[in-house]
Amino acid sequence: SDAISDIAVVRVNHHAALPAAELGSSSDLRPGEFVVALGAPLGLTNSVSFGIVSAIERTRSELGLHDSLGARNTTAYIQTDASINSGNSGGPLLDVHGRVIGVNTMKAMGMDGIAFAD
């Protein structure tokens, strides 16, 4: 697990093949590209929103976020206008080919159309 990004990797031992999402790369992502955010806001499962990439490599420090010790942090985020609300966090951010390029993380409070994935 990673306390800063709030991500954990879980290994599942299963006898049958399980479906898996294809991983893409956010390193080739450019502002203006289309993305899709999946999640379950308000418990509404299988919700999908669509948007564009507004910026790449937006840092926690730029957003005014600090780690638990108050230090500034350089974790980079993908800024998008895809709707990411409570319940979408942890869901995948997909490119137009359906590949996972990020993890839906947060929305700018009090703002519409400003959300982030890492």
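Residues numbered from 1 in each chain as written. Predicted model: local features only at pLDDT ≥ 70, side-chain atom pairs only at ≥ 80, totals over all residues. Heavy atoms only, no water.

**Comments concerning the side chain of Ser49**
Logical step 1: Inspection of the secondary structure assignment puts Ser49 in strand β2 (residues 47-59).
Logical step 2: For Ser49, a relative accessible area of 14% gives the class buried.
Logical step 3: Looking at Ser49, its side chain comes within polar contact range of the main-chain oxygen of Ser83, at 2.9 Å.
Logical step 4: Look past the residues within four positions of Ser49 in its chain and what remains in contact with it is Val35, Val36, Ala37, Ala82 and Ser83. (Helix = DSSP H or I, 4+ residues; strand = E, 2+ residues; numbered from the N terminus. Buried < 20%, exposed > 50% of the residue type's maximum accessible area, 1.4 Å probe, protein only. Polar contact = N/O pair within 3.5 Å; in protein donor to acceptor, adjacent residues only side chain to side chain. Contact = heavy atoms within 4.5 Å.)

**Observations regarding unusual backbone geometry**
Logical step 1: A positive phi is found at Leu42, a non-glycine position, where the angle reads about 55°.
Logical step 2: Mapping Leu42 onto the fold places it in the loop between β1 (34-39) and β2.

**Regarding the pairing of β1**
Logical step 1: The two faces of β1 differ: Val35, Ala37 and Gly39 on one face are buried, but Phe34, Val36 and Leu38 on the other face are not.
Logical step 2: Pairing of β1 with β2 involves six bridges; the strand directions are antiparallel. Across the sheet, Gly39 pairs through a bridge with Ser47, a residue of β2.
Logical step 3: Examined bridge by bridge, β1 and strand β4 (residues 92-94) share two bridges and lie antiparallel to one another. (Pairing = 2+ DSSP bridges.)

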